[in-house]
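# Remarks on the overall topology
Here are the chains, one letter per residue:
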Amino acid sequence: MDSLNRMATELVDEAIDFADELTIDVHALEGDAAVLDFGVEVPGAVEAGMLLAEIQTAGLATVQSTMATVDGAPLNHVELSTDHPALALLCSQKGGWELAVDDFQALGSGPARALVAEEEAFQRIGYREDADFAVLALETDELPDEDVASQVAERTGVPETGVFLPSFATASVTGSVVAAARAAELAVFRLAELGFDPVSVLSASGRAPVAPVAGDEATAMARTTDALAYGSEVHLTVDESFDRFDEVPSVAAEEYGEPLEGVFEDVDWDFAELPVELFGPAAVTIDVVGGDTHVVGETSEGVLAESFGL
């Protein structure tokens, strides 16, 4: 298998080749790093969001859109499946790089994280890579500049000419689509937090509704989290049993039973003040090879309808 960054770069090349069709803007910075605007100064798009989810998972996941109802309303949903959950979801897709350069702030996801490999997940999985390219997807409401690209190049050990920064705002079509594609990643991450070996997850599939695009980043963060905590469904296949499977789903529906914007406001948007269980999927089925099937959690369409304004 090629490196995660090499595989993601091939998808970035595809995005650049079909930028007009995907409504993506491409900018070259002074050091020749490439910024791909997937939804910051452009509105974003469904197809662009699905391609970006593939880039975030380094091409190790299949991403598609479907239609389903939420509280009787037809809404677009995103499904993501992978047979490489540890690499695709934890070592690549997870938003684990908090990037800050002067006044610029962004949450970075994608395989460039594997070039730094400072997060605990990389030690547990035993994965780190060296590559000539670095692909870091930035969730931000402003496009990165030369200083941002320079910092990414320095931390990853990649020349700026090999740095690719696809960027999107949470409050964009792309942002809503990319968030919906994270259901399986949340389930695998929750399992890892609980002490389960992520390498023992053999396959992961998830589906979640695409939240209506909000008018500001804060509301978008709350809506897209609602889509996952109250509306997502995940199926995992694992090769060993575990006595804490029932703790994988979000407890949001049971503990709060209301859209999360109010919950976030109560803690002044300091997510560290919230229970970690909140940031999980809604409903999860876990198949243990040669063992039991565990069905835990539930969706809450009424809460989603209130959050989405349906």
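In short, a report on the structure. No experiment lies behind these values; they were computed from the predicted model shown. (Residues numbered from 1 in each chain as written. Predicted model: local features only at pLDDT ≥ 70, side-chain atom pairs only at ≥ 80, totals over all residues. Heavy atoms only, no water.)

### What to know about the packing of aromatic side chains
Our working rule: Planes of paired rings set the category: under 30 degrees apart is stacked, over 60 is edge-to-face and the rest tilted, where pairs are Phe, Tyr or Trp rings (Trp by its six-membered ring) whose centres lie within 6.5 Å. In DSSP terms, a helix is any run of H or I states spanning at least four residues, a strand is any run of E spanning at least two, and both are numbered starting from the N terminus. Throughout this description, buried means an accessible area under 20% of the type-specific maximum (1.4 Å probe, protein chains only), exposed means over 50%, and partly exposed covers the range between. Cation placement over rings: the criterion is NZ of Lys or CZ of Arg within 6 Å of the ring centroid and within 35° of the ring normal.
By the definition in use, this model includes 9 aromatic pairs. Summarising the aromatic geometry, the rings of Phe 264 and Phe 279 are spaced 6.3 Å apart at their centres and angled 15° between planes, so their arrangement reads as stacked. One end of the pair, Phe 264, is in helix α12 (residues 260-266); the other, Phe 279, is in the loop between α12 and β12 (283-288), and 15 residues separate them in sequence. Overall, Phe 264 belongs to the buried group, its relative accessible area being 0%. Put simply, the rings of Phe 264, Trp 269, Phe 271 and Phe 279 pair up and form one aromatic cluster. Here the guanidinium or amino end of Lys 94 rests over the ring plane of Phe 189, the centre of that ring lying 4.7 Å away.

### Some details on a negative patch on the surface
What counts here: What goes into a patch is any residue over 30% in relative accessible area without a salt bridge, connected to like charges within 9 Å or, for nonpolar side chains (Val, Leu, Ile, Met, Phe, Trp, Tyr), within 5 Å. For the area figures, the Shrake-Rupley method with a 1.4 Å probe applies, and any residue is considered shielded solely by the protein chains shown. Whenever a carboxyl oxygen of Asp or Glu lies within 4 Å of a side-chain nitrogen of Lys or Arg, that contact is scored as a salt bridge. In this tally, Asp and Glu contribute negative charge and Lys and Arg positive charge; neither His nor the terminal groups of the chain are included. For charged residues, the charge sits on one atom: NZ in Lys, CZ in Arg, CG in Asp, CD in Glu.
A cluster of acidic side chains, namely Asp 102, Asp 103, Asp 141, Glu 142, Asp 145 and Asp 147, defines a negative patch on the protein surface. Along the polypeptide, Glu 142 turns up in the loop between β8 (137-139) and α7 (146-156). For Glu 142, a relative accessible area of 36% puts it in the partly exposed group.

### Overview of the side chain of Gln 93
Note the threshold: In protein, a polar contact means a hydrogen-donor-capable atom and an acceptor-capable atom, both N or O and within 3.5 Å, with residues adjacent in sequence counting only if both atoms are side-chain atoms; elsewhere, any N or O pair within 3.5 Å suffices. Between two residues, a contact is recorded if the distance between any of their heavy atoms is within 4.5 Å.
Its location among the elements puts Gln 93 in helix α4 (residues 85-93). One polar contact links the side chain of Gln 93 to the main-chain carbonyl oxygen of Ala 181, over a distance of 3.1 Å. Contact partners of Gln 93, with chain neighbours within four places excluded, come to Gln 56, Thr 57, Leu 80, Ala 88, Ser 109, Gly 110, Arg 113, Ala 181, Arg 182 and Glu 185.

### Some details on the environment of Ala 220
Examined against the element boundaries, Ala 220 turns out to sit in helix α10 (residues 217-231). Sequence separation between Ala 220 and Thr 69 is 151 residues, and the spatial gap between their C-alpha atoms is 20 Å. Each residue touching Ala 220, except ones within four places of it in the same chain, is listed here: Thr 170, Ala 171 and Ala 214.

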